[in-house]
Amino acid sequence: MPATTTAPPTSSPRRKPLPRGSPTIPRSSGTLAANVVSHRVSADYVLGNAGAGLHHAQAAQLGQFPDTERRARFLVDVALCFAQWNKPGRAY
């Protein structure tokens, strides 16, 4: 009968999860935080939830985006959320 080995238990510290629906992302992550917010806004727009997308967009700082393309994509998604929310004047 082959011997089975088990890995020793790992004692990694558990991270405290962020509350659901919160636009707050740890600021220490910088570029990662901006990308996560950008993806949240984009997903909310695609799913038809423009209000949540605009809520998440408030957590972003444009200076944290790594390049112009990411920043532009984020701003386009925010504009699309405003248009979807029937506020086309704010989309420009």
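See the structure above.
Residues numbered from 1 in each chain as written. Predicted model: local features only at pLDDT ≥ 70, side-chain atom pairs only at ≥ 80, totals over all residues. Heavy atoms only, no water.

**Student:** Can you tell me about the pattern of salt bridges, naming the residues and giving the values?
**Tutor:** Inspection of every chain in the model, using the stated rule, returns 1 salt bridge. One salt bridge in this structure joins Arg73 and Asp77, with 2.7 Å as the shortest N-O distance. Placement of both Arg73 and Asp77 in helix H3 (residues 68-84) is noted, with a separation of 4 residues, approximately one turn of the helix. (Salt bridge = Lys/Arg side-chain N within 4 Å of Asp/Glu carboxyl O. Helix = DSSP H or I, 4+ residues; strand = E, 2+ residues; numbered from the N terminus.)

**Student:** Before we move on, could you go through the packing of aromatic side chains and cite the residues and values that matter?
**Tutor:** Enumeration according to the criterion identifies 1 aromatic pair in this entry. In this arrangement the basic side chain of Lys87 is found over the ring face of Trp85, its NZ or CZ atom lying 5.3 Å from the centre. (Phe/Tyr/Trp six-rings, centres within 6.5 Å; stacked < 30°, edge-to-face > 60°. Lys NZ or Arg CZ within 6 Å of the ring centre and 35° of its normal.)

**Student:** Hey, could you go over the packing of helix H2 (residues 50-57) against H3 for me, with residue numbers and the actual values?
**Tutor:** Two numbers describe how H2 lies on H3: the axes approach to 9 Å, and their chain directions differ by 140 degrees. Between H2 and H3, the angle falls in the class oblique. Between H2 and H3 lies a crossing of left-handed hand. Facing H2, whose interface residues are Ala50, Gly53, Leu54 and Ala57, H3 presents Phe74, Val78, Cys81, Phe82 and Gln84. (Axes fitted to C-alpha atoms, helices over the stretch in contact; angles between N-to-C directions. Parallel < 35°, antiparallel > 145°, perpendicular 65-115°, else oblique. Left-handed = near helix turned anticlockwise from the far one by under 90°. Contact = heavy atoms within 4.5 Å.)

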